Amino acid sequence: MNSIVETISAYWKQAASYIKELVLLLYYGAIEWWRVEGSALWAKVQAGLSEMGIPIWVVYLGAAIFLLVILGLLIKLFRRHPKPVAPPKEEPRPPEKETTPPPAATTPVPEFISETPGTTTPAPETVPEKPAVPTTAAPAIIEPETVTTTPPPEPTPAPVKKISFFDRLKKGLNKTRQWLTDDLNAIFKSGKLDDETLEDLEEMLITADVGVQTSMEIVEQVGKEKGRIKNSDDLKAVLQKIVLGILTDADAPSKAENLAETGQTKPHVIMVVGVNGVGKTTTIGKLAARYAADGKKVLLGAADTFRAAAVEQLTIWADRSGADIVKHKEGSDPAAVAFDSVDAAIARDADVVLVDTAGRLHTKVNLMEEIKKVRRSINKRLPEAPHETLLVLDATTGQNGLAQAKEFNEALGLTGLVLTKLDGTAKGGVVIGICDTLNVPLRYIGVGEQIDDLQQFESHQFVQALFS
């Protein structure tokens, strides 16, 4: 049996091979024939049509109609028709029993006999009466009682406890905090703080993306406190004090921010920059919601005209926050959008203008020159603007974020930083390195996707969440 199957399979493979070669021969033969004879044949057809006075578009139209008819026939031929569904069969009802009423009782009619004189009338025979059949009453039909059951009341759901920003920040820094705690405990396995332990501490800080220079400075200050450090808790307290000193200057409000709060700069123009994928547009939407919650009239400028769906994304954020938006069609000049945004803010008496810009690599000179043009366009319409230039950084990029901040600061003169995605990284130490290396305040940090997950940076709160 197996040999027969193998023989049939071999014949089938050989036949399939012959059919394939035949199809390829016909295909390539047709292509070769058309290459040689096609142009001449098509010229003859065009000449014949021109002699008959038939325009060439009629041929195209006829061919298109022919192809549509063939396509329709093929669709009709191969379309699956649904099987007819038979109607449900009705079950025969049982015949109803006919009830015949009982026959009525007949009363016997007395027979009258005429009396003849001389004859004696015999006494009638006494017929015993049939006993009466007792009639049984039909049983009464008892209808079932309708019992109405009242469903038990649904339990009132317990109010959802709103998580504070500190708890969200602490949860977002959980990876960095756990990593620091484990390493600090591992450093003090020997029970003393010597040069080797300090080297391990420096390596730990560099791995946490604190930065080489900043890590060396921190280790140097820890070495000065070596006498009073007896265990990992003491080392953690010293590190907390040193880091707090580095971050204290970073959360001081800038002059431009103070002017915006008092309303001395109206409209207050903020230009938001950064590389691709760091969350610029989302950050602008959250900032717009914050300003709108404070009672300020906000206008958004959609100057990111190159990224697909960037304008649509900013429009959604404008609807959520109740802000106005100025946008041009995709591919427009971003400098023109920025200029019109400031112009519209002045005309509409807006309080804050947030200008979105296209993401660009800090290593591309031509792209950095283009964003300088956007800044000059804003300044041309409002001489003192932009009042703030915020750089959005992704915390997960680590030391690459520090390099971005240096390049953008040299090109635009940054007034503040926004650090996003702190909840998804174990490299939260980049905050320390950025604040120590750059003389630029850290304005906002983000630890989630919700609107209230973007908050102003507070050094005490950050250090407490990092080391607690």
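Only a predicted model underlies this, so the values are computations on that prediction, with no experimental measurement involved. Each chain carries its own residue numbering, running from 1 in the written order of its sequence. A pLDDT threshold of at least 70 governs which residues receive local features in this predicted model, and a stricter bar of 80 or more applies before side-chain atom pairs are shown or counted, although totals over entire chains, interfaces and linings include all residues. The side-chain numbers reported here are obtained from all heavy atoms of the structure, hydrogens and water having been left aside.

**What to know about the pattern of salt bridges**
Item 1. A carboxyl oxygen of Asp or Glu within 4 Å of a side-chain nitrogen of Lys or Arg is what we treat as a salt bridge. Enumeration over the complete set of coordinates arrives at 8 salt bridges.
Item 2. The partner of Lys266 in a salt bridge is Asp351, and the shortest N-O contact between them spans 3.3 Å. One end of the pair, Lys266, is in the loop between helix 8 (255-262) and strand 1 (268-273); the other, Asp351, is in the loop between helix 11 (334-347) and strand 4 (352-356), with 85 residues separating them in the sequence.
Item 3. For each residue, the accessible area found with a 1.4 Å probe, counting protein chains only, is set against the maximum for its type, and the residue is called buried under 20%, exposed over 50%, and partly exposed in between. Take Lys266: its relative accessible area is 45%, and that puts it in the partly exposed class.
Item 4. Taking the shortest distance from any N to any O, the salt bridge between Asp394 and Lys421 comes out at 3.4 Å. Here Asp394, found in strand 5 (residues 388-394), pairs with Lys421, found in the loop between strand 6 (416-420) and helix 14 (430-437); they are 27 residues apart in sequence, far enough to count as distant. The helix and strand labels rest on DSSP assignments: H or I over at least four residues marks a helix, E over at least two residues marks a strand, and numbering proceeds from the N terminus.

**Comments concerning the pairing of strand 1**
Item 1. Judged by how many residues are buried, strand 1 sits mostly within the fold: 6 of 6 residues are covered.
Item 2. Here strand 1 shows no split at all, with His268, Ile270 and Val272 on one side and Val269, Met271 and Val273 on the other all buried.
Item 3. By the bridge criterion, 5 bridges tie strand 1 to strand 4 in an arrangement that is parallel. Bridged to Met271 within strand 4 is Val355.
Item 4. In this scheme, strands are said to pair when DSSP sees at least two bridges between them. Alignment of strand 1 against strand 5, held across 4 bridges, turns out to be parallel. Its bridge partner being in strand 5, Val273 is matched across the sheet by Leu391.

**Here's the deal with helix 11**
Item 1. One less than the number of residues in a helix, times 1.5 Å, gives the span that helix is expected to have. For helix 11, built from 14 residues, the straight-helix expectation of 20 Å at 1.5 Å per residue is met to within 8% by its first-to-last C-alpha distance of 20 Å.
Item 2. Among all positions in helix 11, only Pro334, Ala335, Val337, Ala338, Ser341, Val342, Ala344 and Ala345 are buried.

**Quick notes on the layout of surface pockets**
Item 1. Within this model, the largest pocket holds a volume of roughly 310 Å³.
Item 2. In terms of lining residues, the largest pocket is bounded by 20 residues, among which Val278, Gly279, Lys280, Thr282 and Lys421 are the most central.
Item 3. A breakdown of the residues in the lining of the largest pocket according to their chemical character gives 2 nonpolar, 11 polar and 7 charged. Cavity: a set of points on a 1 Å grid over the protein atoms alone where a 1.4 Å probe fits but cannot get out. Pocket: an open set with protein on both sides within 12 Å along at least five of seven lines, its lining residues, like those of a cavity, having an atom within 4 Å of a point. Grid points are joined across faces, edges and corners, and a volume is the space filled by probe spheres set on the points. Residues are grouped as follows: nonpolar covers Ala, Val, Leu, Ile, Met, Phe, Trp, Tyr, Cys and Pro; charged covers Asp, Glu, Lys and Arg; every other residue, Gly included, is treated as polar.

**Structural notes on the side chain of Glu388**
Item 1. Here Glu388 is to be found in strand 5.
Item 2. Of note is the side chain of Glu388, whose polar atom sits 2.7 Å from the side chain of His268. Counting of polar contacts relies on pairs of N or O atoms within 3.5 Å, with two restrictions inside protein: one atom must be capable of donating a hydrogen and the other of accepting it, and residues adjacent in sequence are counted only when both atoms are side-chain atoms.

**A look at a negative patch on the surface**
Item 1. Each patch is built from residues that are more than 30% exposed by relative accessible area and take part in no salt bridge. Like charges join if they lie within 9 Å; nonpolar side chains (Val, Leu, Ile, Met, Phe, Trp, Tyr) join within 5 Å. Accessibility throughout is a Shrake-Rupley quantity obtained with a 1.4 Å probe, and a residue counts as covered only by protein chains that appear here. This count recognises Lys and Arg as positive and Asp and Glu as negative, with His and chain-terminal groups excluded. Working definition for charges: the position is that of NZ of Lys, CZ of Arg, CG of Asp or CD of Glu. Together, Glu196, Glu199, Asp200 and Glu203 give the surface a local cluster of negative charge.
Item 2. Summarising the element assignment, Glu196 is placed in helix 5 (residues 195-207).
Item 3. Under the relative-accessibility criterion, Glu196 is labelled exposed at 56%.

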